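What the coordinates show
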Amino acid sequence: WGLPRTCIDLPGESFDFIVYAEAVSDKITITLARADYDHVKISIYDLLGRAIVSGDADPKLKVFRFNGLNLSDNIYLVRVETSNGTAVKKFVKQ
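Residues numbered from 1 in each chain as written. Predicted model: local features only at pLDDT ≥ 70, side-chain atom pairs only at ≥ 80, totals over all residues. Heavy atoms only, no water.

**So, the side chain of Thr-82**
Checked against the element boundaries, Thr-82 lands in strand β7 (residues 74-82). Among the polar contacts listed, one links the side chain of Thr-82 to the backbone nitrogen of Asn-84, at a separation of 3.0 Å. (Helix = DSSP H or I, 4+ residues; strand = E, 2+ residues; numbered from the N terminus. Polar contact = N/O pair within 3.5 Å; in protein donor to acceptor, adjacent residues only side chain to side chain.)

Here it is, written out as structure tokens:
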């Protein structure tokens, strides 16, 4: 994409995904490496562990966009659970 990545990989991932938080808006894009899982659940948490958004997603999709979350500038965690396992990435909203 040529865009700066604003996320940090945390150890223990069973698969890969990318998180991109647009600096000038409340848009967050999560892109999975593939789109053929049996189940996908995406959750975004603040550093205190409070769920900002959490829910099941269409496992046939590869790209998920969240708008209007009204996130303040801070560090957040994205947890993606699939039929292949669970991965967590940290991202910075600036």
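**What to know about unusual backbone geometry**
Even without being a glycine, Asn-70 presents a positive backbone phi close to 55°. Residue position: Asn-70 is located in the loop between β6 (63-66) and β7. We classify Asn-70 as exposed; its relative accessible area is 64%. (Buried < 20%, exposed > 50% of the residue type's maximum accessible area, 1.4 Å probe, protein only.)

**Side note on the sheet that holds strand β2 (residues 17-21)**
Ordered by their spatial adjacency, three strands build an open sheet running β2-β3-β6, and the pairing between neighbours is antiparallel. Across the chains shown, the open sheet's two edge strands, defined by having one partner strand only, are β2 and β6. Averaged over all adjacent pairs, the angle separating strand axes in this sheet is 15°, with direction ignored. With five bridges connecting them, β2 and strand β3 (residues 28-32) associate as antiparallel partners. If you follow Val-19 over to β3, its bridge partner there is Ile-30. (Pairing = 2+ DSSP bridges. Axes fitted to C-alpha atoms, helices over the stretch in contact; angles between N-to-C directions.)

**Here's the deal with the nonpolar core**
The biggest cluster of nonpolar side chains holds 20 residues, and the ones touching the most others in it are Ile-28, Ile-30, Ile-42, Val-78 and Phe-91. Counting only elements with at least two residues in this core, the list comes to β2, β3, β4 (40-46), β6, β7 and β8 (85-93). (Core = buried A, V, L, I, M, F, W, Y, C linked by side-chain atoms within 4.5 Å.)

**Things to note about the pattern of salt bridges**
Tallying each qualifying case throughout the model produces four salt bridges. With a shortest N-O distance of 2.3 Å, Asp-36 and Arg-34 are connected by a salt bridge. Between Glu-81 and Arg-79 there is a salt bridge whose closest N-O contact spans 3.2 Å. Taking the relative accessible area as the measure of exposure, Arg-79 reaches 31% and is therefore partly exposed. (Salt bridge = Lys/Arg side-chain N within 4 Å of Asp/Glu carboxyl O.)

**Quick word on the packing of aromatic side chains**
Here the structure, examined in full by the defined rule, presents one aromatic pair. Each ring, one from Tyr-76 and one from Phe-91, has its centre 5.6 Å from the other, and the planes form 25°; the classification is stacked. Within this pair, whereas Tyr-76 is found in strand β7, its partner Phe-91 is found in strand β8, the two being separated by 15 residues in sequence. A relative accessible area of 0% places Phe-91 in the buried class. The residue whose ring lies beneath Lys-89 is Phe-17, and the NZ or CZ to ring-centre distance is 5.0 Å. (Phe/Tyr/Trp six-rings, centres within 6.5 Å; stacked < 30°, edge-to-face > 60°. Lys NZ or Arg CZ within 6 Å of the ring centre and 35° of its normal.)

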